[in-house]
Amino acid sequence: EENYLLYYGSNHWVVDIDAGPDGEPWYVIENDLLRLNFFVPAEHLRPIPDNDLTPIRPEVPLGNKRIEIDIINQRLTAYEYNEVVLASKVSTGLLHRSSPNAVPLATPKGDFVIQSKMPSKHMGDGILTDDPEEYVLPGVPYVSFFQTEDGIAIHGTYWHNNYGIPMSHGCINMLNEDARFIY
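Since this is a predicted model, take the numbers as computed values, not measurements.

What counts, and at which threshold
- Each chain has its residues counted from 1, running along the sequence as written.
- Residues qualify for local features only when their pLDDT is at least 70, as the model is predicted, and side-chain atom pairs are given and counted only at 80 or more; totals for whole chains, interfaces and linings, by contrast, use all residues.
- The basis for every side-chain value is the complete set of non-hydrogen atoms in the structure, without hydrogens or water.
- Each helix is a run of DSSP H or I of at least 4 residues and each strand a run of E of at least 2, with the numbering of both proceeding from the N terminus.
- Per-residue accessibility, obtained with a 1.4 Å probe over protein chains only, is compared with the maximum for each type, and a residue is labelled buried under 20%, exposed over 50%, and partly exposed between these values.
- Two residues qualify as a contact provided that any one of their heavy atoms is within 4.5 Å of a heavy atom in the partner residue.
- In short, Shrake-Rupley with a 1.4 Å probe defines the accessible areas, and a residue's cover is counted only from the protein chains shown.
- Whenever a carboxyl oxygen of Asp or Glu lies within 4 Å of a side-chain nitrogen of Lys or Arg, that contact is scored as a salt bridge.
- Polar contacts, as counted here, are pairs of nitrogen or oxygen atoms within 3.5 Å of one another; within protein the pair requires one atom able to donate a hydrogen and one able to accept it, and residues that are adjacent in sequence qualify only if both atoms are side-chain atoms.
- Think of it this way: DSSP has to see at least two bridges between two strands before they count as a pair.
- Under this scheme, a helix contributes an axis fitted over its contacting stretch, all axes are lines through C-alpha atoms, and angles between N-to-C directions fall in the 0 to 180 degree range.
- Each pair of aromatic rings taken from Phe, Tyr and Trp, with Trp reduced to its six-membered ring, is defined by centres within 6.5 Å and is described as stacked if the planes are under 30 degrees apart, edge-to-face if over 60, and tilted in the remaining cases.
- Any Lys NZ or Arg CZ that is within 6 Å of a ring centre and within 35 degrees of that ring's normal is treated as a charge sitting over the ring.

A.B. asks: Any chance you could break down the overall build of the protein chain for me, citing the residues and the numbers?
C.D. replies: When its secondary structure is counted, the protein chain shows 1 helix and 10 strands. Counting over 183 residues, the protein chain shows a buried share of 38%. Sequence-distant contacts in the protein chain: of pairs separated by 6 or more residues, those separated by 24 or more amount to 45%. Carbon together with sulfur atoms contributes 51% to the accessible area of the protein chain, which is approximately 11,300 Å² in total.

Encoded structure:
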């Protein structure tokens, strides 16, 4: 029997509510990568309110919103009408490969557009393991993909708080509340 860890600050898809072994309500959550369901006592999770998933200022046209990532200084700055609305420390991609044949980990440079958003996404290689060094990140919160073919996104981070230092596999890691703002 394997234990599957869920972490504080992660987001998950609730697909059903069932009675747990204690007779209390348990949420059935789905892992979107592995297509597995897990059961969690409802008292351990907090539903995300609808306003966390809607634009903060929908009246601002998309053409008047932009995000700049400063890889050198590990900073993200979000603008509306050229006015700064968020400035945040981030962690971008590592500057080296984990092995000579591995995929590059650096954050891509260039002009991109947010292509899709997901409030919860399992990122990693899709295996279940108890090895903390493996790349297994279920429930990554507030994901805004800007290079979907490589799975590169701006997203919340529950597994480290080393903002200002490159830490990722190419994504832009930020505080969950800042990622929610971008989302």
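A.B. asks: Go over the pattern of salt bridges with me, naming the residues and quoting the values.
C.D. replies: Within the structure shown, the criterion is met by 6 salt bridges. A salt bridge links glutamate 30 to arginine 35, with the shortest nitrogen-to-oxygen separation between them at 3.4 Å. For lysine 121, the salt bridge is made with aspartate 32, and the minimal N-O distance between the two is 3.2 Å. Of this pair, lysine 121 sits in strand E7 (residues 116-124) while aspartate 32 sits in the loop between strand E2 (25-31) and strand E3 (36-41), and the two are 89 residues apart along the sequence.

A.B. asks: Can you tell me about the side chain of aspartate 52, naming the residues and giving the values?
C.D. replies: Tracing the sequence through the fold places aspartate 52 in the loop between E3 and strand E4 (65-70). Polar side-chain contacts of aspartate 52 include one of 3.2 Å to the side chain of arginine 180. Leave out the neighbours within four places in its chain, and aspartate 52 touches Arg46, Tyr142, Arg180 and Tyr183.

A.B. asks: Describe in detail the sheet that holds E4, supporting the description with residues and values.
C.D. replies: Pairing in this open sheet of 3 strands is antiparallel, and the strands run E4-E5-E6 from one edge to the other. The outermost strands of the open sheet, each flanked by one partner alone, are E4 and strand E6 (83-89). The mean angle between the axes of side-by-side strands here comes to 15°, regardless of whether they run parallel or antiparallel. Pairing of strand E5 (residues 75-80) with E6, which is carried by 6 bridges, proceeds in the antiparallel orientation. Within E6, the position partnered with leucine 76 by the bridge is serine 88.

A.B. asks: With reference to specific residues and values, describe the packing of aromatic side chains.
C.D. replies: What the rule picks out here adds up to 4 aromatic pairs. Taken together, a centroid distance of 5.5 Å and an interplanar angle of 15° make the contact between tyrosine 7 and tyrosine 158 stacked. Linking tyrosine 7 in the segment before strand E1 (13-19) with tyrosine 158 in the loop between strand E9 (152-156) and strand E10 (172-174), this pair joins segments that are 151 residues apart in sequence. Between tyrosine 142 and tyrosine 183 the ring centres are 5.7 Å apart and the planes differ by 65°, which places this aromatic pair in the edge-to-face class. A residue pair is termed long-range when its members are at least 10 positions apart, and tyrosine 142 in strand E8 (residues 136-147) and tyrosine 183 in the segment after helix H1 (176-182) qualify at 41 residues. Taken as a pair, tyrosine 142 and tyrosine 183 share a single burial class, namely buried. Site record: aromatic cluster; members linked through ring pairs are Tyr7, Tyr158 and Trp159. Here the guanidinium or amino end of arginine 66 rests over the ring plane of tyrosine 79, the centre of that ring lying 3.9 Å away. Lying over the aromatic face of tyrosine 183, lysine 117 brings its terminal NZ or CZ to 5.6 Å of the ring centre.

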